[in-house]
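Listed below are the residues making up each chain.
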Amino acid sequence: MQYQINKGTKGFGANILFENIQFEVKNNEKIAVIGANGCGKTTLMKIIASEEELDSGTIHKAGSCRIGYLAQTTFTSESRTVQEELNEVFKDVEIMQKQLNEMTEAMVYDHSQELLDRYADLQHRFEERGGYTVQSDILNIFTRFGFHEEDLQREVQTFSGGQKTRIAFVKLLLSAPDILLLDEPTNHLDLETIEWLEGYVKRYPKAVVLVSHDRTFIDNVADEIYEIEYGVMRRYVGNYSSYVKQKDNDIERQKSAYARQQKEIERMEALIEKFRYKKNKAAFAQSKIKYLDRMERIEDPKESKKSFKASFTSRIRGGKRVLSVEELKIGYDHELCTINLEVMQGQRVAVIGPNGKGKSTFVKTVMGKIPSLGGSVMLGHQIEPGYFDQELAQFNTANTILEEVWNDFPDLTRTEVRSALGCFLFTGDEVFKTVDCLSGGEKVRLSLVKLMLSQPNFLVMDEPTNHLDLLGKEALEKSLSEYDGTMLFVSHDRYFISKLATAILHIDENGAVYTPMNYHDYIEGNKVVEENQVKVSHQEKKSKPVNLNIGKEIAKLEKKIAAKEEEIEALRELRFDPEYYHDYQKMNELDNQIDEVNNEIENLMAQWEEYSEALEQ
């Protein structure tokens, strides 16, 4: 046993986060802690890291157990280079290396068994600590987080806030603690880095405890799930998909047990009512009253899972051809790409790709929010679109929640509006809160209320799962899976895409590619294509004669492209700056800047390709 919490309770004031929980880390388990926002997941991580204390309960930790937490990872001095900071993690390895060298010198004269045994033991510990691969490990992990080898020689203070966070993450992984604590580790990482981190965490030889809303990450990494729900912690063996099945089975069992208990309570209450006023049966009735008082009541499972229950339906069916996009050129000041697409009734098209390449720009162009730079967008016969905007900027922030919905749907009665709001967990006096007081997750739910009431037959959604916790994502997936219309949606949530998409539109710096298949088949197909491309590229490598004049022009273009790539990298780093990722307007302006630089790079690349072809000829 490395770490254990026994009967742990933690709260803030009158609010109890969790009570009498049991939590333990034994060997090298990969444990995911899940639950609704505000249930106490991050607080639990801080307790394990000794940043917070339990209100009651006991903690048992093995004496030699080292716990690593990103929030506690600090730099010795920001004036030192990254290499020096990361080498700090391996001070013990440096000491062992020095001792091994000293022993090697001593063994020239001392051939005793004692010295040989000491050397063998130290060498074993040196190997276990990765002593022979220290520098390659540093370089591998460092570059995986988007850095270049030469960045190791830069001082820490020369990096942005977001870059420093990633360097701290690298330092944490290299320190290889016995229990690695990861709180939302996939935030602000691109898909390629997330997939690498999945493999790293899965293969990590020691224990990992993580909190994440990325269900695919949990699914691929975790072998145990601890769920915190209404102050109670439950343990499930298996990954996220296994947890979902077990949870559903638990709910069904609880429903049956609840129904049986309710029948028993009704029977008891009937007996009590029948005999309580009869003199010779009064004692019997009193015993049954005491029995009911002592009974541990089973909770109604309908109330145990606080998630919204939406029902998206189309007002009318609409035509078979839902959307036709021909030679559509998207962008703001510069063209990002040209898109050709036809969406038919019932399809669910996921728009995926790197940030800043035009995904949101495309759906905004389809919805007429921004003008196209050329080409055409045409909706089919009787197609009524409904739009979910990730920026959540379509509200009048001075309105109450009730007013915000009722103003858009004045023909509905007050009861009908409140009923719709209730489906999305806006109940009681909550409907009188003003929109400017709402959290990101609450604004998403308010947008979904409007979307449901508008009854579109074509849903166009831009990152609808942003700000939703796991329960919210599951509820939205369930609602949309039962939707009878057509969908076009942008998302980075792989689990959400795999559950809903029937086709993929991938937009990147090379343009837009439509693939009429689900996400799993799309990923598998891409793997095969990449393998074939590697084979072909090896076969095609041949030496070519060089034209010096064209060669000079190519060299100039390559310098310009490299400069622009550095510029775009600097802009992308700003996404990790709190000033930007907490302000959607600044983030939107930043994305536009990135789009412009991307366009410049594409123009330079077109010239480079033209000269390269001429050189080959």
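Being a predicted model, the structure only gives us computed values, none of them experimental.

K.L.:
Give a detailed account of the sheet that holds strand β6 (residues 179–183), specifying residues and quantitative values.
P.N.:
Here six strands make up an open sheet; going across it, the order is β5-β6-β7-β3-β8-β9 and the pairing mixed. Of all strands in the sheet, those bounded by a partner on one side alone are β5 (67–69) and β9 (232–237). In this sheet, adjacent strand axes meet at a mean angle of 20° when their direction is disregarded.

K.L.:
With reference to specific residues and values, describe the environment of Ala 570.
P.N.:
As for its position among the elements, Ala 570 is in helix α18 (residues 548–573). The class for Ala 570 is partly exposed, based on a relative accessible area of 47%. Linking Ala 570 and Ile 594, residues 24 residues apart in sequence, is a C-alpha distance of 9.7 Å.

K.L.:
Just give me the short version of the packing of aromatic side chains, but keep the residues and values in it.
P.N.:
For the coordinates displayed, the defined rule picks out 15 aromatic pairs. Look at Phe 147 and Phe 159: their rings are 5.8 Å apart centre to centre, the planes differ by 85°, and that puts the pair in the edge-to-face class. With Phe 147 in the loop between α5 (134–144) and α6 (161–175) and Phe 159 in the loop between α5 and α6, the pair connects residues that are 12 residues apart, well separated along the chain. Just as Phe 147 is buried, Phe 159 falls in that class too. Pairing Tyr 519 with Tyr 522 gives two aromatic rings, centres 6.5 Å apart and planes at 25°, and the pair type is stacked. Within this pair, Tyr 519 and its partner Tyr 522 are both found in helix α17 (residues 519–539), separated by three residues, close to a single helical turn. The two residues Tyr 519 and Tyr 522 agree in class, both being buried. Through a chain of ring-to-ring contacts, the aromatic side chains of Phe 145, Phe 169, Trp 196, Tyr 200 and Tyr 204 assemble into a single cluster. Stacked on the ring of Phe 426, the Lys or Arg Arg 445 has its end atom at 4.8 Å from the ring centre.

Analysis parameters
Each chain has its residues counted from 1, running along the sequence as written. Selection of residues for local features in this predicted model requires a pLDDT of at least 70, selection of side-chain atom pairs for listing and counting requires 80 or more, and totals for whole chains, interfaces and linings are taken over all residues. The side-chain figures draw on all heavy atoms in the structure; neither hydrogens nor water molecules are used. A strand pair is defined by DSSP finding two or more bridges across the two strands. Put simply, DSSP marks the helices as runs of H or I at least four residues long and the strands as runs of E at least two long, and each gets a number from the N terminus on. Interaxial angle, 0 to 180 degrees, is taken between N-to-C directions of lines fitted to C-alpha atoms, where a helix line uses only the stretch in contact. Exposure is judged per residue with a 1.4 Å probe applied to protein chains only, and the accessible area is read against the type maximum: over 50% gives exposed, under 20% gives buried, and values in between give partly exposed. Working definition: a ring pair exists when centres of Phe, Tyr or Trp rings (six-membered ring for Trp) sit within 6.5 Å. Plane angles under 30 degrees give stacked, over 60 give edge-to-face, the rest tilted. By definition, being over a ring means that NZ of Lys or CZ of Arg is both within 6 Å of the ring centre and within 35 degrees of the ring normal.

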